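Descriptive structure summary
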Amino acid sequence: MDQNLFNDICLRQLTLSGVHEGETVVVLTRGGERAEYADAFLWAAQQLGAATYHMRLPSPASASGAWAVGDSGLGNIPRAVDALKGVDMVVDCTFLLFSKEQFAIQEAGTRILTAVEPPELLARLMPTKELRERVEIGAELLAKASTMRITSPAGTDVTYRLGVYPTLSEYGYTDTPGRWDHWPAAFVFTGGADDGVDGKIVLSPGDVLLPFNTYVQTPVEITIEEGFIRDIRGGAGSSGLDADLLRSYIESFHDPRGYGMSHVGWGLDERAHWHGLTQFPGGMGMELRSFYGNVMFSIGPNNELGGPNDTACHFDIPMRGNSLYLDDELIVDAGELTVPEMRPAAKR
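Residues numbered from 1 in each chain as written. Predicted model: local features only at pLDDT ≥ 70, side-chain atom pairs only at ≥ 80, totals over all residues. Heavy atoms only, no water.

The name an unreviewed UniProt entry gives the protein is Leucyl aminopeptidase, with Amycolatopsis thermalba as the organism.

This is the structure we're talking about:
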C-alpha cells in the first residue's frame, strides 16, 4: 500500500480511538518488522496533536517455529514497561496479548491497540461505530447467559458453563482507558468455567485452524470433559491428517494445560471473508475470527479473561455453519445471527 494511503487509514483509526491534543501515543515494534506501520501511526498521532514516539524492541534471540503466546519481549526491560504504563495509548505492532506485561500496562490505564495485519486488510475492515454497536449488543446478551451450547450438522454438541469469567468484545478500536482491542476485529467472547466445558466438537472441512492459517481438510473429533480435551481423532472415513497435526502441535509444548478450553464466542463482520486466508496469507487470521456468523472456540490460555491458565500453546478455531444457544435461546442459527440488532442493516 502507498505510504500516504496507509497514513490516512491510521489517522482514521486514531480518530476513532479518541487520540487528541495533550495525549501521548507510543508505537511499539520489534526488530525490523512493520517499520511502515510505525511511520504511519507516528504521522497520524501528530496530526491529532498528540505527543508520540517509537519504541523498538530487539528481535527475539531465537525462534521455536511455534506461535508461543505470552512472550512480549518486555520481560527483562522493566523501565520500558514503566514507560508504556505512563502514556495514554500504545499501538502494539508486535502482539503483546497474553503477556503479563500487557496486563500491567492496561491496569495502569493505558489503552492498547494491536495492529499487525496487512495494510490492505486494515483498510477494507476499517472499524465503524455501527459495527461497535452491534458487537456491544452481542456482548450484553453473552454477559447475561449462564450456559452456552454449540451444535452442528457434523455432530458437534458441546456445553459451556458460563458466569465465572467476564465477557469481552472486540470491534477494532479503543477509546477507553485500560482497554485493549485488535484492528481489525468484530466478535464477542467469554470463557467457560475451568471444569465447566463438556461434550464433543467435530471440525468439518472449511473450518479454520489458527495459527496454522489453514482450512480443515479432514474431519476432526474432539472430546472434552471438565474443561479439558481428552481425545483428538480423525472423523469417520477420514485419513486423520488434521487430527494428527493438531495433536502433534499441542504435544510439542510439553504442557498439559495446552489441552484446556479457552475463550468462545461468535463473529459479526459481514465484510470479513471466510476465504480471507487465500488473500492475505501473511496475516494472523483476524478476518477469519471476525467473519459474520462464525462460531469460534479456543484452546489454551485463559489469563486474558483473568483465568489461571497461561500456557504458551494457543489455538483459535472459527467454524462455519454451526448453531449457538445461550440459555437455550438460539443466537446463531447455522451461521446466521438471529437477533435483528446484531445484523447489519441489509440483513434486517
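So, next bit.
1. Here we look at the overall build of the protein
When you go through the protein residue by residue, the secondary structure sums to eight helices and 20 strands. Taken over the C-alpha trace, the protein has a radius of gyration of 20 Å; the compact-globule value for 348 residues is 20 Å, and the two agree within 12%. Oriented by its inertia axes, the alpha-carbon framework of the protein measures out at about 60 × 50 × 35 Å. Counting every position in the protein, which comprises 348 residues, the buried fraction comes to 56%. Sequence separation of 24 or more characterises 71% of the internal contacts of the protein that already satisfy a separation of 6 or more. Accessible surface for the protein amounts to roughly 13,900 Å². Of this, 50% is attributable to carbon and sulfur atoms. Of the side-chain charges in the protein, 27 are positive and 47 negative, and the distance between the mean point of each set is 1 Å. (Helix = DSSP H or I, 4+ residues; strand = E, 2+ residues; numbered from the N terminus. Rg over C-alpha atoms; globule rule 2.2 N^0.38 Å. Buried < 20%, exposed > 50% of the residue type's maximum accessible area, 1.4 Å probe, protein only. Contact = heavy atoms within 4.5 Å. Areas by Shrake-Rupley, 256 points an atom, 1.4 Å probe, with all protein chains shown as cover. Lys, Arg positive; Asp, Glu negative; His and termini not counted. Charge placed at Lys NZ, Arg CZ, Asp CG, Glu CD.)

2. Examining the packing of aromatic side chains
Taken as a whole and judged by the stated rule, the model has nine aromatic pairs. Considering the side-chain rings of F212 and F315, the 5.0 Å spacing of their centres and the 80 degrees angle between planes classify their relative orientation as edge-to-face. Taken together, the positions of F212 in the loop between β11 (208-209) and β12 (214-215) and F315 in strand β17 (residues 315-319) put the pair 103 residues apart, joining distant regions of the chain. Grouped by ring-pair contacts, the aromatic residues F212, Y249, F253 and F315 constitute a single cluster. We note R320 situated over the ring of W274; from NZ or CZ to the ring centre the distance is 4.0 Å. (Phe/Tyr/Trp six-rings, centres within 6.5 Å; stacked < 30°, edge-to-face > 60°. Lys NZ or Arg CZ within 6 Å of the ring centre and 35° of its normal.)

3. Details of the state of the cysteines
Applying the stated rule across the entire model yields zero disulfides. C93 supplies the cysteine sulfur nearest to C10, a cysteine that is in no disulfide, at a spacing of 8.0 Å. Judged by its relative accessible area of 0%, C10 falls in the buried class. (Disulfide = S-S within 2.5 Å.)

4. Notes on the pairing of strand β14 (residues 228-234)
Relative to β14, strand β13 (residues 220-225) runs antiparallel, the two sharing six bridges. The residue of β14 that forms the bridge with T223 is D231. The hairpin turn running from β13 into β14, its antiparallel successor, is two residues long, and E226 in that turn takes a positive phi close to 50 degrees. (Pairing = 2+ DSSP bridges.)

5. With respect to the sheet that holds strand β4 (residues 111-114)
Strand pairing in a sheet relies on backbone hydrogen bonds, with the paired strands running either antiparallel or parallel. Spatially, β2-β1-β3-β4-β8 is the arrangement adopted by the five strands of the open sheet, whose pairing is parallel. Among the strands making up the open sheet, the edge pair consists of β2 (51-57) and β8 (180-182). With direction set aside, neighbouring strand axes in the sheet form an average angle of 20 degrees. In this sheet, β8 lies alongside β4 in parallel orientation, the contact comprising three bridges. Along β8, the bridge assignment pairs L113 with D181. (Axes fitted to C-alpha atoms, helices over the stretch in contact; angles between N-to-C directions.)

6. Section: helix α2 (residues 35-47)
Because an α-helix packs 3.6 residues into every turn, residues spaced three or four apart end up facing the same way. Its 13 residues place the ends of α2 19 Å apart at the C-alpha level, agreeing with the 18 Å of an ideal helix rising 1.5 Å per residue. Restricting attention to buried positions, one finds in α2 the residues Y37, A38, A40, F41, L42, A44 and A45. Next to the buried residues of α2 lie α1 (3-16), β1 (24-30), β2, β3 (89-92) and α5 (119-124). G49 sits one or two residues past α2 and shows a positive phi near 85 degrees. (Expected span 1.5 Å × (residues − 1).)

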